[in-house]
Protein chains: 2
Amino acid sequence: MNRQPQPAITWREDMIPQDVTLIERFASASGFFRPDEVLLAADFAAEHLSKGPESGYNFIFAQEGDQTLGYACYGHIPGTLHSWSLYWIIVNQSTRSRGLGSRLLAQVEQRVAAAGGERLYIETSSQPMYHPTRRFYQSRGYTLLTVLEDFYARGDGKVVYAKTMPDLAKG
Amino acid sequence: MNRQPQPAITWREDMIPQDVTLIERFASASGFFRPDEVLLAADFAAEHLSKGPESGYNFIFAQEGDQTLGYACYGHIPGTLHSWSLYWIIVNQSTRSRGLGSRLLAQVEQRVAAAGGERLYIETSSQPMYHPTRRFYQSRGYTLLTVLEDFYARGDGKVVYAKTMPDLAKG
């Protein structure tokens, strides 16, 4: 059986109005987020759409031709000099296991390092369903810093990871 | 020597446009904040002024008659069910050592508990100049959860405290 060559992924940073709905759909379809978290993901996008980089939220979309396969949202942490946060990486369900999450993460890391960032923080949940998520970040060089028990909800703690320079620049 | 009876403190939650400048002056005069942090304090106030409670930032001002002696800024942490954060307590330099910080903190705790909050987080700096700040929170029942080294800047870590229910409701 012949395999079709897959179109190359391109990276898009400019947001278009349709992205807000798209992000809401991605977040909702992932099955990982409560309704208030889905709205929060869409809020971040709407903030960026109306204020641009001033919003403090940067976006990068993975494109395959016209189709958006996933995105990452990250930003400089206000009140810090060189600390950044990765807010979300969400990949379209149907394109899982193509390594797109890793490639999006590498894109974010390169951009953070290029902007003078020295530390990239990732906060995620301590719940069992996030085990693959935590393993993903650990396998990509992120160090577990702390767990704040019951942070998100009772029984749902916040796990904090970070990757620092010079590892960050290696992507 | 007679001591004048001191006018009672009243608590004000409605913000007026002049508060933005006042907060900037308080933050700047405290000597505790970098210029970007002073601007951030003013930004939070401007957000609240334009959006109200929707901003996610609540304010409480300590009034002695017409004069504002200090304020606290706090809010529900987006993406969590019952977690709140105290962003700032700043007291006018000339009114230090009158216990106003403690009273502002108690006011915040009561309001958070009344709103269904179960945990109040406080983030502050690991730098030596913040030793009195850290002692202040520890003496008021806050538990040290973690220190994220170099978070704010090189050599300036983030120290995270929390107070949880039922201690929170006791103020």
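Data block above holds the structure.
Residues numbered from 1 in each chain as written. Chains lettered and ligands numbered in written order. Predicted model: local features only at pLDDT ≥ 70, side-chain atom pairs only at ≥ 80, totals over all residues.

Draft legend 1. Spatial organisation of the overall build of chain A. Tallying secondary structure elements over chain A gives five helices and seven strands in all. Each helix and strand of chain A, placed in order from N terminus to C terminus, yields the pattern β-α-α-β-β-β-α-β-α-β-β-α. A compact globule built from 171 residues would reach a C-alpha radius of gyration of about 16 Å, and chain A, at 16 Å, matches this within 12%. Oriented by its inertia axes, the alpha-carbon framework of chain A measures out at about 50 × 35 × 35 Å. For chain A, buried positions account for 32% of its 171 residues. (Helix = DSSP H or I, 4+ residues; strand = E, 2+ residues; numbered from the N terminus. Rg over C-alpha atoms; globule rule 2.2 N^0.38 Å. Buried ≥ 20, exposed ≤ 12 C-beta atoms within 10 Å, placed from the backbone.)

Draft legend 2. The arrangement of the sheet that holds strand 7 (residues 156-164) of chain A in detail. All names here are of chain A. Strand order in the open sheet made by the seven strands is 1-2-3-4-5-7-6, with mixed pairing throughout. Each edge of the open sheet is held by one strand with a lone partner, namely strand 1 (10-12) and strand 6 (143-153). On average, each strand axis in the sheet is tilted by 25° relative to the strand beside it, whichever way the strands run. (Pairing = 2+ DSSP bridges. Axes fitted to C-alpha atoms, helices over the stretch in contact; angles between N-to-C directions.)

Draft legend 3. Examining the relation of the copies chain A and chain B more closely. When chain A is fitted to chain B, the residual RMSD is 0.0 Å, and the transformation amounts to a turn of 180° plus an axial shift of 0.0 Å. What the superposition gives is, in effect, a two-fold axis relating one chain to the other. Taking C-alpha positions as the reference, the residue of chain A nearest the rotation axis is A:T146, at 3.4 Å. Looking at the interface residues of chain A, 100% of them are also at the interface in chain B, so both copies use one shared face. (Least-squares fit on C-alpha atoms with pLDDT ≥ 70 in both. Contact = placed C-beta atoms within 7 Å.)

Draft legend 4. The arrangement of the interface of chain A and chain B in detail. With 16 residues of chain A at the contact, the number on the chain B side is 16 residues. Those elements giving two or more residues to the side of chain A that touches chain B turn out to be helix 2 (35-51) and strand 6 of chain A. The biggest single contributor to the side of chain A that touches chain B is strand 6 of chain A, with seven residues. Of the residues contributing to the side of chain A that touches chain B, the split by class is eight nonpolar, five polar and three charged. (Nonpolar A, V, L, I, M, F, W, Y, C, P; charged D, E, K, R; others polar.)

Draft legend 5. Structural view of the packing of helix 1 (residues 18-29) of chain B against helix 2 (residues 35-51) of chain B. All names here are of chain B. Relative orientation of the contacting elements helix 1 and helix 2 amounts to 160°, with a least axis distance of 8 Å. Judged on the interaxial angle alone, helix 2 and helix 1 are roughly antiparallel. When you trace helix 1 past helix 2, the crossing you get is right-handed. Packed against helix 1, whose contacting residues are D19, V20, I23, E24, A27 and S28, the element helix 2 presents V38, A41, A42, A45, A46 and L49 at the interface. Its residues assigned to classes, the contact of helix 1 with helix 2 shows nine nonpolar, one polar and two charged. (Parallel < 35°, antiparallel > 145°, perpendicular 65-115°, else oblique. Left-handed = near helix turned anticlockwise from the far one by under 90°.)

Draft legend 6. Inspection of unusual backbone geometry at higher detail. Residues and elements named next belong to chain A. Note the cis peptide between M165 and P166, where omega equals 0°. Residue placement: P166 occurs in the loop between strand 7 and helix 5 (167-170). Here D150, not a glycine, exhibits a phi torsion of approximately 60°, which is positive. In this structure, D150 sits in strand 6.

Draft legend 7. How the structure looks around the nonpolar core. One finds A:Y71, A:A72, A:C73, A:Y74, A:L86, A:I89 and A:L120 to be the most contacted residues of the largest nonpolar core, which totals 38 residues. Top element by residues in this core is strand 4 (residues 83-91) of chain A. It accounts for seven residues. In this view, A:L86 contacts A:A72, A:Y74, A:V108, A:L120 and A:I122; residues no more than four positions away in its chain are not counted. Listed in part, the 37 residues of the second largest apolar core include B:L105, B:I122, B:V160 and B:A162. (Core = buried A, V, L, I, M, F, W, Y, C linked by C-beta atoms within 7 Å.)

Draft legend 8. Summary view of the pairing of strand 6 of chain A. Residue and element names in this part refer to chain A. Where strand 6 and strand 7 come together, six bridges link them in antiparallel fashion. Paired with V147 across the strands is V159, a residue of strand 7. Hairpin remark: strand 6 followed by strand 7, antiparallel, with two residues in the connecting loop; positive phi at G155, about 80°.

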